[in-house]
Structure formats: C-alpha cells, structure tokens
Amino acid sequence: MTVPDEGQGPQRRPQQQRKQVLLRLDPAVYEALARWAGDELRSANAQIEFLLRKALAEAGRLPRDTGPLPRRGRPPGDSAPGPPPA
C-alpha cells in the first residue's frame, strides 16, 4: 500500500462500493420523477440521488465526507462517433 506524501492536498476517502436500495414508489410518482430526470438528462436513479443529496444539504444533514455525484455518460474528450482511425 502506498502512503500519500504530506502536503499534497486533502486526503481522499477510499472508493466505496455504492449501496443498493429497493425503493417502492407510487407509479404516478415514478412517472413524474422519470420525466423530470429525462428533462435534466439524468436517469431516474441519478435524479433520486440528486434530490436526496439536495434535501440532506438543505437540512444540514449531508455528511462532510460525502463524495461528489459520480459522473455518468461519455468520458470527457470523446467526440461524436466517426470513422475509426486508420
């Protein structure tokens, strides 16, 4: 195991596996959530996490060591699909 050098910025928490949770929703609530998520180019799951984090932050209950939302989609630097390099 490598130890980070002192003075190289804040220490980062080791990557933890994300928790899976079964969530039962009224179908109409899910449909509204899914439409909202689509409007913001998120999955329904990502929209739920976004809203939960926002509510926790507003209530002053979001833990300080909470990492950022994971980036989803195409990695930066990828452009539109085109012909493969020759």
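Check the entry above for the structure.
Values in this document were obtained by computation on a predicted structure and should not be read as measured data.

The rules behind the values
- By convention here, each chain's residues receive numbers from 1 onward along its written sequence.
- pLDDT decides what is reported in this predicted model: residues at 70 or higher carry local features, side-chain atom pairs at 80 or more are listed and counted, and totals for whole chains, interfaces and linings draw on all residues regardless.
- Side-chain descriptors were evaluated using all non-hydrogen atoms of the structure, hydrogens and water having been removed beforehand.
- Any carboxyl oxygen of Asp or Glu within 4 Å of a side-chain nitrogen of Lys or Arg constitutes a salt bridge here.
- To sort residues, take the accessible area from a 1.4 Å probe on protein chains only and compare it with the maximum for the residue type: under 20% means buried, over 50% means exposed, and anything in between is partly exposed.
- Secondary structure is summarised from DSSP: a helix means a run of H or I of at least four residues, a strand means a run of E of at least two, and numbering begins at the N terminus for each.
- Every helix has an expected span of 1.5 Å times one less than the residues it contains.
- Polar contacts here mean pairs of N or O atoms no more than 3.5 Å apart (in protein, one a potential hydrogen donor and the other a potential acceptor; neighbouring residues in sequence count only if both atoms are side-chain atoms).

A.B. asks: So what about the pattern of salt bridges? Which residues, and what values?
C.D. replies: One pass over the structure, following the stated rule, counts three salt bridges. Put simply, Glu40 and Arg42 hold a salt bridge, and the shortest N to O gap is 2.4 Å. Note on Glu40: relative accessible area 37%, which makes it partly exposed. Arg42 sits in the partly exposed class, given a relative accessible area of 27%. In this structure, Arg53 and Glu49 form a salt bridge, with 3.1 Å as the shortest nitrogen-oxygen distance. Pair noted here: Arg53 and Glu49 are both in helix α2 (residues 44–58), with a separation of four residues, about one helical turn. For Arg53, a relative accessible area of 17% puts it in the buried group. Here the salt bridges share partners, and the residues they tie into one network are Arg18, Glu49 and Arg53.

A.B. asks: Requested: an account of helix α1 (residues 27–39), with residues and values cited.
C.D. replies: Across its 13 residues, α1 extends 18 Å between first and last C-alpha, which sits within 8% of the 18 Å expected from 1.5 Å per residue. Its side-chain oxygen 2.8 Å from the backbone nitrogen of Ala28, Asp26 forms the N-cap of α1. Leu41 lies just past α1 and shows a positive phi near 55°.

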